[in-house]
Amino acid sequence: PGQPPPPPGTPGGAPPLPPPGGPPDGVDMSGGVAALAAAIPDASGATALERLRVSLQRLDAACATDPAARFSLLPEAHEARSAVADVAAAAQGDDARVAVAQKIFQKIYERSGKSRLHRTARVAALAALTDGSCVVQREVTGWLVYADEERKCDKEITEALVRAGVVSGRFLADFDAHLAELIAGGASRLAVELGAHLVRHCVLVEPCVEPTELGGTLDALAKAATRPKAPEGLAVLVERARAAGDSSNKKPPGTSGGLFDPQKPDPPGLRETVAQTFDEWARVQDLPAGDTTTSVFVENLAKGRLLHGDDAQERTARILAELAMTHCLGSEIPPASGGMSVTAGPPGSPSRLSYVAVDAFVRLVAALCRRREDPINARLALLGKSLAAVVRLALKDVDERGAAFNPRPYHRALTGLMMEMHAPDAALDSSHPQVLASFASALLALQPLRIPGFAFSWLELVSHRCFLPRLLVDHNRRGWPLLQKLLTAVLKFLEPSLRGAELTETVRLLYRGTLRLLLVLLHDFPEFLCDHHFNLCDVIPPNCIQMRNLVLSAFPRNMRLPDPFTPNLKVDLLPEITQSPRVITGEADAAFRASQLRADLDAYLKTRSSPNFIATLRARLTLDARAAERAGTAYNVPLINAVVLYVGVQAIAANRKDASSPITHSAPMEVFQHLAAELDTEGRYLFLNAVANQLRYPNCHTHYFSCVLLYLFAEAGSEVVQEQITRVLLERLIVNRPHPWGLLITFIELIKNPRYNFWGHSFTRCAPDIERLFESVARSCIAPPPKAEGQEGPIAA
């Protein structure tokens, strides 16, 4: 007991598995037919086999009508459900069930079984056969364990077998041990991918097993994560799964960790009741305004058992979302490929969908959330459960459909809910902070890194007129951190492509859309960019100069920028230059402030008593080999940005306490000089970029970091450092406007002040093209253009 059965075909094992591909229906299966005839009690073996064959043919025909559907979402009266029941009824007794299960197990892996409905229906048939039969479970587990690697590691089929309970209990423990052994061996990439897939989907996304049930797989994956070229994020996945197990153990008995308990099936008849209710709502939702039928329906539904309690609400919301999305996706009419069609669109147009069910779902949720009789917390909870149901369904759909995922039903549902909740309401509308937080959480769960196929719909939802303005205007900036997380999400998704300049047409369109969103923020809500510039610059690649300029050019609307081209402009005498800007830092800065590096840096800035600190600083800013490969750079860029800002803030604070102390010969300046001198070319470029990121509108940070750059240029012992400082400033000036005010005044000072002898350096005349470029930029900076800088200008296409 507890051990896998012998391989099929060996003494004591299951009947031999049919060869890959299997025999076609109607052809003698030799031993398989004899086994079925002997095992299935009926008037005659031929009658039993015929009954099984007819049931399987009915199942295949029913699955062919809607191959993209899921068996669990089919109505009770569907032909596929009836066929599955007949297949299970065709076999009585363990021997008969094993023989039938062997035939179905073979058909799951056939080419015709690759559609979603074929796969899930056949797994449902296996589940029906294993119900109450440990013998069938043992045999199926043995077939899976001893199958060839390609079959065994088919992620979708193996997940379906586990999720349906075909492989469960001690048999799941057997499979877990076998899979852990394959992963630990290190030779099977497919085994690692299968293990990660099972952990992600069966433990985290839609839990159906406890993390302890895949304990061996988790341990093996944790060891595999330490190997060279291990899949990215594998260690994090294992940690999340183990954390999920720890948190579930701490919950009181009877509580569920997700929207609903996936191991507890829906009550009998619940899906049919919800479907009937949904059909009735579809009939009454469009009645005239004076008709009370709609309001009576909503009131009865709100007071009925379908929405009584959290568990019932979660299940009802999930089933409603499933019905709406299934109807929408099932109505898809592909575009005409050649000749024109009455129903299909012209060639090249997208497929047509019917959004009737999705819109009905949206209106029903909105009607329930707008009931004034219910407490506001209950209405907020219902909205959150409905959004979560849509999110979970989208995540599951993209896992199953892959590249065939259609984002339009989910975009329609979320847009509809945004617009419905945008309508003014005295108690609950989209101006309520909890409503905004619910939508933001849903969008973060659907971010492009998780669902790339949803990226364009996602960006449209983030910038929607019913969401973005409310997030920025209402509630004293409480929505700003949410928007910062959303912008960070899309920038992290774009970062690998932008860093490598791999701009396909799709990436280019998404980049331009993000750029336009930033431009809207610069024009209408510049204070947001002022506050969050630090976090955004952490995720904007160094080569995205215009995007970074957009963020850094923002200045408060109540400020009038001094003209940077004013002759003899005394920047240090401007009234704004002593004011500290509001800077919101993020996780990287928080991690730095809690680290030993911050403590050692504080000690050096106060006493300079640790010469070893300066000597080891460069090494502490670098990444290990694996992290460097993922990041595309040897340096921890967010940490460099955090160190530069922190040292500058400490220097400004020290100077305010003692105005007589010079900023040049100080501990902070020594840190900056050491970094400029000792870092290699890549590290120095990132460090100088971190300094230049603080050259913004008039404030004490802009003034200090401008002085830092100019001092580093003047005191550099190498023309290489001076050339790199020039490059960092120049590349930000030669792109289209806008240009940050602090950047302009720093470069103008550099080229005009004879102290820096800028034009005497050889790199300004190393080639005729470079010399003409410097002269052109100098003329632009010294002779002001017609429009004052600091205002937004056109963006290059």
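Residues numbered from 1 in each chain as written. Predicted model: local features only at pLDDT ≥ 70, side-chain atom pairs only at ≥ 80, totals over all residues. Heavy atoms only, no water.

*Asks:* Explain the overall build of the protein to me, and be specific about the residues and the numbers.
*Replies:* Looking only at helices and strands, the protein features 36 helices and zero strands. Within the protein, buried positions represent 50% of all 797 residues. Expressed as a percentage of contacts within the protein between residues at least 6 apart in sequence, the contacts between residues at least 24 apart total 72%. Approximately 35,800 Å² of the protein is accessible, and the part contributed by carbon and sulfur atoms is 54%. (Helix = DSSP H or I, 4+ residues; strand = E, 2+ residues; numbered from the N terminus. Buried < 20%, exposed > 50% of the residue type's maximum accessible area, 1.4 Å probe, protein only. Contact = heavy atoms within 4.5 Å. Areas by Shrake-Rupley, 256 points an atom, 1.4 Å probe, with all protein chains shown as cover.)

*Asks:* Explain the packing of helix α17 (residues 376–401) against helix α18 (residues 408–422) to me, and be specific about the residues and the numbers.
*Replies:* Two elements in contact, α17 and α18, have axes whose closest approach is 10 Å; the angle formed by their N-to-C orientations is 165°. Of the possible angle classes, the one that applies to α17 and α18 is roughly antiparallel. For the crossing formed where α17 meets α18, the hand is left-handed. The segment α17 lies against α18, with L383, L387, V390, L393, A394 and D397 engaging Y410, L414, L417 and M421. For the contact of α17 with α18, the class distribution of residues is nine nonpolar, no polar and one charged. (Axes fitted to C-alpha atoms, helices over the stretch in contact; angles between N-to-C directions. Parallel < 35°, antiparallel > 145°, perpendicular 65-115°, else oblique. Left-handed = near helix turned anticlockwise from the far one by under 90°. Nonpolar A, V, L, I, M, F, W, Y, C, P; charged D, E, K, R; others polar.)

*Asks:* Account for helix α5 (residues 116–130), with residues named and values stated.
*Replies:* When the terminal C-alpha atoms of α5 are compared, their 21 Å separation across 15 residues agrees well with the 21 Å that a helix rising 1.5 Å per residue should span. Summarising burial for α5: 13 of the 15 residues are buried, a large majority. (Expected span 1.5 Å × (residues − 1).)

*Asks:* Summarise unusual backbone geometry; cite the residues concerned and give the values.
*Replies:* Note the cis peptide between R737 and P738, where omega equals 10°. With phi around 45°, N757 is a residue other than glycine that occupies positive phi space. Within the element layout of this structure, N757 appears in the loop between α35 (741–752) and α36 (768–782).

*Asks:* Go over the pattern of salt bridges with me, naming the residues and quoting the values.
*Replies:* Scanning the entire structure with this criterion turns up 27 salt bridges. K107 is paired through a salt bridge with D60; the nearest N and O atoms lie 3.7 Å apart. Of this pair, K107 sits in helix α4 (residues 94–108) while D60 is found in helix α2 (residues 45–64), placing the two residues 47 residues apart along the sequence. Of the two residues examined, K107 and D60, each falls in the buried class. Each member of the salt-bridge network shares a partner with another, and the members are R58, E79 and D86. (Salt bridge = Lys/Arg side-chain N within 4 Å of Asp/Glu carboxyl O.)

*Asks:* Let's hear about the confidence of the model for the protein: which residues, and what values?
*Replies:* Looking at the protein, pLDDT values average 81 and 85% of them are 70 or higher. Taken element by element, the predicted model of the protein shows its lowest mean pLDDT in helix α1 (residues 31–39) (48) and its highest in helix α20 (residues 455–462) (96). The low-confidence segment residues 1–35, where pLDDT is below 50, has 56 contacts with residues more than four positions distant or belonging to other chains. (pLDDT = per-residue confidence, 0-100.)

*Asks:* Explain the environment of E719 to me, and be specific about the residues and the numbers.
*Replies:* Mapped onto the elements, E719 comes out in helix α34 (residues 719–733). Spatially, the C-alpha atoms of E719 and F763 are 8.3 Å apart, while their sequence positions differ by 44 residues. Non-local contacts of E719, meaning those with residues more than four positions away in its chain, are made with H761, S762 and F763.

*Asks:* Which residues make up the packing of aromatic side chains, and what values do they have?
*Replies:* Inspection of the entire model under this criterion finds 15 aromatic pairs. Between F758 and W759, the aromatic rings sit 5.1 Å apart at their centres with planes inclined by 85°, giving edge-to-face as the arrangement. Following the ring pairs from residue to residue traces out a cluster consisting of F713, F747, Y756, F758, W759 and F763. The aromatic ring of Y685 is capped on one face by R727, whose charged end is 4.2 Å from the ring centroid. (Phe/Tyr/Trp six-rings, centres within 6.5 Å; stacked < 30°, edge-to-face > 60°. Lys NZ or Arg CZ within 6 Å of the ring centre and 35° of its normal.)

*Asks:* Now, about helix α14 (residues 293–303): what can you tell me, with residues and values included?
*Replies:* Among all positions in α14, only T294, F297, V298, L301 and A302 are buried. Taken down its axis, α14 places every buried residue within 130° of arc, on the same side. Exposed side chains of α14 directed beyond 90 degrees from the buried face belong to N300 and K303. As for α14, its buried residues are in contact with α13 (270–284) and α16 (356–369). (Arc of directions from axis to C-beta.)

*Asks:* Report on the layout of surface pockets, specifying residues and quantitative values.
*Replies:* In this model, the second largest pocket occupies a volume close to 570 Å³. Forming the boundary of the second largest pocket are 22 residues, of which L569, V571, I745, E749 and N753 lie nearest the centre. Elements represented by at least two residues in the lining of the second largest pocket include exactly α33 (700–715) and α35. For the lining of the second largest pocket, the per-class residue count stands at 11 nonpolar, six polar and five charged. (1 Å grid on protein atoms, 1.4 Å probe; cavity = no way out; pocket = protein on both sides within 12 Å on 5 of 7 lines; lining within 4 Å. Points joined across faces, edges and corners; volume = space filled by probe spheres on them.)

*Asks:* An account of the environment of S115 is needed here, citing residue identities and associated values.
*Replies:* Structurally, S115 can be placed in the loop between α4 and α5. The spacing of S115 and E400 is 285 residues in sequence and 9.7 Å in space, taken between C-alpha atoms.

*Asks:* How would you explain the side chain of D60 if you had to name every residue and give the values?
*Replies:* On the accessibility criterion, D60 (18% relative accessible area) is buried. When neighbours within four sequence positions are excluded, D60 is seen to be in contact with K107, H118 and R122.

*Asks:* So what's going on with empty space enclosed by the protein? Which residues, and what values?
*Replies:* Unfilled space is identified by rolling a water-sized probe across the atoms. Under the criterion given, the structure shown has three cavities of 30 Å³ or more. Reported here for the second largest cavity is a volume of approximately 90 Å³. Forming the walls of the second largest cavity are 14 residues, and the residues nearest its centre are L307, T316, L320, L364 and L368. Mapped by element, the contributors of at least two residues to the lining of the second largest cavity are α13, α15 (310–330), α16 and α17.

*Asks:* An account of the side chain of K385 is requested, with residue identities and associated values reported.
*Replies:* Here K385 lies in helix α17. In contact with K385, not counting residues within four places along its chain, are D310, Q313, E314 and A317.

*Asks:* Explain a positive patch on the surface to me, and be specific about the residues and the numbers.
*Replies:* A cluster of basic side chains, namely K155, R200, R240 and R450, defines a positive patch on the protein surface. Secondary-structure assignment places R450 in the loop between α19 (433–445) and α20. According to the relative accessible area criterion, R450 is partly exposed, its value standing at 49%. (Patch = residues over 30% accessible without salt bridge, like charges linked within 9 Å, V, L, I, M, F, W, Y side chains within 5 Å. Lys, Arg positive; Asp, Glu negative; His and termini not counted. Charge placed at Lys NZ, Arg CZ, Asp CG, Glu CD.)

*Asks:* Can you lay out the packing of α4 against α5 for me, pointing to particular residues and giving the numbers?
*Replies:* Relative to each other, α4 and α5 sit at 165°, their axes nearing to 10 Å. Compared by their axis directions, α4 and α5 come out roughly antiparallel. For α4 against α5, the interelement crossing comes out left-handed. Here R97, V100, A101, I104, F105, K107 and I108 of α4 come into contact with α5, specifically with R122, V123, A125, L126, A128 and L129.

*Asks:* Quick one: what's the story with the environment of Y146, residue by residue and with numbers?
*Replies:* In this structure, Y146 sits in the loop between α6 (134–145) and α7 (149–152). Spatially, the C-alpha atoms of Y146 and H178 are 9.6 Å apart, while their sequence positions differ by 32 residues.

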